[in-house]
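Observations on the model geometry
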Amino acid sequence: MENNRALSCMIKTDDGEICIDPAEPVLHIIGKKYAILVLSVLGNDNTRKNFNDMKKAIPGISSAMLSARLHDMMAAGLIERYDGDIVTYDLTDRGRELRKRLLPIFEYFADR
């Protein structure tokens, strides 16, 4: 079974192979419902967002679901929480880099 795991975690490219194992935890999180939308909203306008602004910007998301996604994404180092008079959230450098690298995928599907 270990041999099958080694085969399944590799993506072959023209230049060799890439192991997907380091990306699995983040892919698991961004694959969850609404996570991409949270990443999108937080990356727009380069401003921190509070909970209620994000809830209004993401159609259909419940408070519990938004809270869960924020928690998951903070644990993965994608977003940061800022405590003050009003609690706000923003992308970390890692979150901004991930968002930037996902844009070509979104552009690909937008062109379809």
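As shown above, the structure is provided for reference.
Residues numbered from 1 in each chain as written. Predicted model: local features only at pLDDT ≥ 70, side-chain atom pairs only at ≥ 80, totals over all residues. Heavy atoms only, no water.

Digging into the pattern of salt bridges
- Going through the model one piece at a time under the given rule, you end up with six salt bridges.
- With a shortest N-O distance of 3.2 Å, Lys32 and Asp72 are connected by a salt bridge. Of this pair, Lys32 sits in the loop between α2 (24–30) and α3 (35–43) while Asp72 sits in helix α5 (residues 63–75), placing them 40 residues apart in sequence.
- Residue Lys32 is classed as partly exposed on the basis of its relative accessible area of 27%.
- With a shortest N-O distance of 2.6 Å, Arg81 and Asp83 are connected by a salt bridge.
- Arg81 gets classed as partly exposed once you look at its relative accessible area, which sits at 41%.
- You can call Asp83 exposed: its relative accessible area is 59%.
- Three or more residues joined by partner-sharing salt bridges are found here, namely Lys32, Arg69 and Asp72. (Salt bridge = Lys/Arg side-chain N within 4 Å of Asp/Glu carboxyl O. Helix = DSSP H or I, 4+ residues; strand = E, 2+ residues; numbered from the N terminus. Buried < 20%, exposed > 50% of the residue type's maximum accessible area, 1.4 Å probe, protein only.)

Scope: geometric values only; no functional claims are made or implied.
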